[in-house]
Amino acid sequence: MLKKSLIFGVAMLAAASTAYAGGRDYIFIVGSSTVYPFATTVAEQFGKTTRFKTPKIESTGSGGGMKLFCAGTGINTPDITNASRRIKHSEYEKCQKNGVRNIVEVKIGYDGIVLANSRKADQLKLSRRDIYLALAKDVPDPSGAEKLVPNPYKTWKDVNPSLPAQKIEVLGPPPTSGTRDAFVELAMEGGCKTFPWIKAMKKKDKKLYKSICHTVREDGAYIEAGENDNLIVQKLEANPNSVGIFGFSFLDQNGDKIQGSIVDGEAPTFENIAEGKYPVSRPLYFYVKKAHVGVVPGMEEYLAEFTSERAWGDEGYLSDKGLIPMPREERAKYAKDAKELNPLVFE
């Protein structure tokens, strides 16, 4: 009886796999707008050089991608989600709760977050403190008192006398974006903690500290421009006084139209990001449902293409698109994880 049950179970699994593959014969990917151009480049190469269909990729933002990815397994859910920050513990737990287990994490390289403006304007030279004071909802009292006040700064010159007397108008990503998450953590918090009395709050009240450092002003100085970085580039061209926030790859691809601001004395260049000199840089990832590998055609082959030296290596085609390659040892580690489908153990 047990043997018959086992045979029946295996037959059911095989039937489910066949139905799954028959229902969708292409890889479905969602997630980060920053990772999108890299994933698209790999997908196009994959479609040209293999017998599999070119994957379908949607730019939903890192948070939006995680929501879709963690909704469950099966034909109506994504196989892979791209992310311009690491998966959050809350997202990992949601995945587990919804049956999305054995998630494979693949770091693909590094990226810088730039504050760029039109080449028609002067290049900005900012500190992370300037960025925090320009964009935080509440800031330290300009009088020097150790208290917070609603952000009173209207122009960059108000923030720092060495900056131009231009209205603060920053086009940036929405809260669902991994770029926004990384920006507030690296740039705004980086400037926020230059105030010793705020930095001291981190040990006493971490929640309050994070609220002070990470909350973006909502009075019109910061404009949520959606997940379309190309649209931000167009708007910067149209208004030379505005500033846009996006990944280095978009600066790299539009260097004839826009320029990146100097941050804490460092320019957002490929070399500075690779060497860890540029202060606003972060790793990029994608996450894979192991349960879909072997069911959706081409999953293993897509992973192999993305983690190949010809794609993400020092001289790979993704570096031409603005991706900052990982050191060789790190590439080897994540290529091994992708090949062996080693599941993420969230610590």
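- An unreviewed UniProt entry lists the protein chain under the name Phosphate ABC transporter substrate-binding protein, with Desulfolithobacter dissulfuricans as the source organism.

**What about the pattern of salt bridges?**
Reasoning step 1: Scanning the model with the defined rule gives 22 salt bridges in all.
Reasoning step 2: The partner of aspartate 25 in a salt bridge is lysine 53, with the nearest N and O atoms 3.0 Å apart. Of the two residues, aspartate 25 is situated in the loop between helix H1 (2–23) and strand S1 (28–31) and lysine 53 in the loop between helix H2 (36–49) and strand S2 (56–57); the sequence distance between them amounts to 28 residues.
Reasoning step 3: According to the relative accessible area criterion, lysine 53 is partly exposed, its value standing at 47%.
Reasoning step 4: The closest approach of N and O atoms between glutamate 275 and lysine 277, which form a salt bridge, is 3.3 Å.
Reasoning step 5: For glutamate 275, a relative accessible area of 53% puts it in the exposed group.
Reasoning step 6: Three or more residues joined by partner-sharing salt bridges are found here, namely Arg85, Lys88, Glu91 and Asp181.

**A look at the side chain of lysine 289**
Reasoning step 1: Along the polypeptide, lysine 289 turns up in strand S13 (residues 281–289).
Reasoning step 2: No salt bridge is formed by the buried lysine 289, whose closest oppositely charged neighbour, aspartate 79, lies at an N-O distance of 6.4 Å.
Reasoning step 3: A polar contact is formed between the side chain of lysine 289 and the backbone oxygen of glycine 72, at a distance of 2.6 Å.
Reasoning step 4: A polar contact of 2.9 Å, which involves the side chain of lysine 289, links it to the side chain of threonine 77.
Reasoning step 5: Residues within four places of lysine 289 in sequence aside, it is in contact with Phe69, Gly72, Thr73, Thr77, Pro78, Asp79, Val100, Asn102 and Met299.

**So, helix H7 (residues 178–192)**
Think of an α-helix as turning once every 3.6 residues; residues three or four places apart then point the same way.
Reasoning step 1: Across its 15 residues, H7 extends 20 Å between first and last C-alpha, which sits within 8% of the 21 Å expected from 1.5 Å per residue.
Reasoning step 2: Of all the bends found along H7, the most pronounced is centred on valine 184 and spans about 30°.
Reasoning step 3: Among the 15 residues that make up H7, 13 are buried, leaving the element largely enclosed by the rest of the structure.
Reasoning step 4: Two or three places before threonine 179, at the opening of H7, serine 177 has a side-chain oxygen 3.0 Å from that residue's backbone nitrogen.

**Here's the deal with helix H4 (residues 89–97)**
Reasoning step 1: Within H4, burial applies to Glu91, Tyr92, Cys95 and Gln96. When H4 is viewed along its axis, its buried side chains cluster within an angular range of 140° and face the same direction. For H4, the exposed residues set more than 90 degrees away from the buried face come down to Ser90 and Lys97.
Reasoning step 2: Looking at the buried positions of H4, the neighbouring elements they touch are helix H3 (62–69) and strand S4 (103–118).
Reasoning step 3: Phi turns positive, to about 85°, at glycine 99, one or two residues after H4.

Rules of the game
- Residues numbered from 1 in each chain as written.
- Predicted model: local features only at pLDDT ≥ 70, side-chain atom pairs only at ≥ 80, totals over all residues.
- Heavy atoms only, no water.
- Salt bridge = Lys/Arg side-chain N within 4 Å of Asp/Glu carboxyl O.
- Helix = DSSP H or I, 4+ residues; strand = E, 2+ residues; numbered from the N terminus.
- Buried < 20%, exposed > 50% of the residue type's maximum accessible area, 1.4 Å probe, protein only.
- Lys, Arg positive; Asp, Glu negative; His and termini not counted.
- Polar contact = N/O pair within 3.5 Å; in protein donor to acceptor, adjacent residues only side chain to side chain.
- Contact = heavy atoms within 4.5 Å.
- Expected span 1.5 Å × (residues − 1).
- Bend = angle between axes of the 7 residues up to and from the residue.
- Arc of directions from axis to C-beta.

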